[in-house]
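Observations on chain architecture
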Amino acid sequence: MKEGWARQQSARFLRASTIDPRVRMIERFAEFSGQYPWQWTPADGEAFIAHLRSGTKPIRMSTARTYEVTIELFMEYVLDSRYAWVQTCVERFGEIPQPVFHEGNSVLHTVEYEGDPRRRPLTYDEIQALFDAADARPAKIRSQGRKGSLAALRDAAVIKTVYAYGTRRTETSRLDLTDLRRNRKAPRFRGYGSLMVRYGKASKGAPPKRRTVLTVPEMDWIVEVLEEWITEVRPHFSPGKHPAIWVTERVGRLSPRSINEAFVAAREAAGLDESLDLHCLRHSYITHLTEFGYPARFVQEQAGHSHAATTAIYMGVSNEYRNKLLEAALKGRLGDDWDVTA
């Protein structure tokens, strides 16, 4: 059953990174229940989720839904008459498989966003504190006589790039030198007028999404950051013909995990809330573009979201910005394109 289900998903062009964790979840559930799939009952599923919700590290609601959906998908495959598993189970074991989760015992999707409420956009002061802490690390490392000052310079540039273009960690890791391009409408940014993201977050069963992120005037400082990294610092890594923008001391591509660790190091040095993670810089980018006055559609395209509702989830504009909108509304200066929300 597991092999057949994996083949079915592979035929839909789902990646191994999606299929393998799903199969492992089914194996985990089978081990917990001590039963075969044709013996599973709703009570087994409820006991499994109840077990995961207990203990010192209970799972979150979104995680529980992911597990339940995975088991549902597997059981849908087993119960699909086109695969004849039901008939096989009846003939061999005299038992009929049944759904494990249903509307009455599974997490209902009642809200648009169920992420950790502590994850939020950083304020402008927090962004500056983060950058200052990242910039101070190379000198601190050198003063201690330790290796790694070049890597710290790279890490500072990576963090600033993530914020300046709102990229995800994997997107940032997969960037190549050729992805930095000129923008004929903004020649003052030279060869850093736009960033081609070729490995954007993919929809299930689809290839990575592509998008071009334009350098905006409010983030023009990123031009000097990237130029210094590429022309002055990166050559010290002896990258040769390696295409990646971000390379390691061993001339490999900087991994998403390493980018995350760079952010954590800077966050701790800046004394920021430990619940803030690298993805919060993407939230910050989207929020700050909105506060800079860019149209919602432009912000959506920059972020690479298919739906405006997704972009709205990332947004957390300040009270100052909302008060400006309110003041403009009261003065009757809002156009038809403005949307004042509470």
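Presented here is an overview of the structure given in this document. Note that this is a predicted model, so its numbers are computed, not measured. (Residues numbered from 1 in each chain as written. Predicted model: local features only at pLDDT ≥ 70, side-chain atom pairs only at ≥ 80, totals over all residues. Heavy atoms only, no water.)

Overview of the pattern of salt bridges
Scanning the model with the defined rule gives 15 salt bridges in all. Arg-211 serves as the salt-bridge partner of Glu-171, at 3.0 Å between the closest nitrogen and oxygen. Note that Glu-171 is positioned in helix H8 (residues 169–173) and Arg-211 in strand E3 (residues 209–214), a separation of 40 residues in sequence. An identical accessibility class is assigned to Glu-171 and Arg-211; each is buried. Here Arg-190 and Glu-227 are joined by a salt bridge, their closest N and O atoms 3.0 Å apart. On the criterion of sequence distance, the pair formed by Arg-190 in the loop between strand E1 (180–181) and strand E2 (194–200) and Glu-227 in helix H9 (residues 221–233) is long-range, its members being 37 residues apart. When its relative accessible area of 34% is taken as the criterion, Arg-190 is described as partly exposed. In this structure Glu-227 comes out as partly exposed when scored by relative accessible area, which is 27%. Residues participating in the shared-partner salt-bridge network are Asp-176, Asp-179, Arg-198 and Arg-253. (Salt bridge = Lys/Arg side-chain N within 4 Å of Asp/Glu carboxyl O. Helix = DSSP H or I, 4+ residues; strand = E, 2+ residues; numbered from the N terminus. Buried < 20%, exposed > 50% of the residue type's maximum accessible area, 1.4 Å probe, protein only.)

Notes on the packing of helix H7 (residues 149–165) against helix H10 (residues 256–270)
Contact geometry for H7 and H10: axes closest at 9 Å, N-to-C directions at 95°. Judged by the inter-axis angle, H7 sits roughly perpendicular to H10. Contacts from Asp-155, Val-158 and Ile-159 in H7 reach Ile-259, Ala-262, Phe-263 and Ala-266 in H10. Classifying every residue of the contact of H7 with H10 gives 6 nonpolar, no polar and 1 charged. (Axes fitted to C-alpha atoms, helices over the stretch in contact; angles between N-to-C directions. Parallel < 35°, antiparallel > 145°, perpendicular 65-115°, else oblique. Contact = heavy atoms within 4.5 Å. Nonpolar A, V, L, I, M, F, W, Y, C, P; charged D, E, K, R; others polar.)

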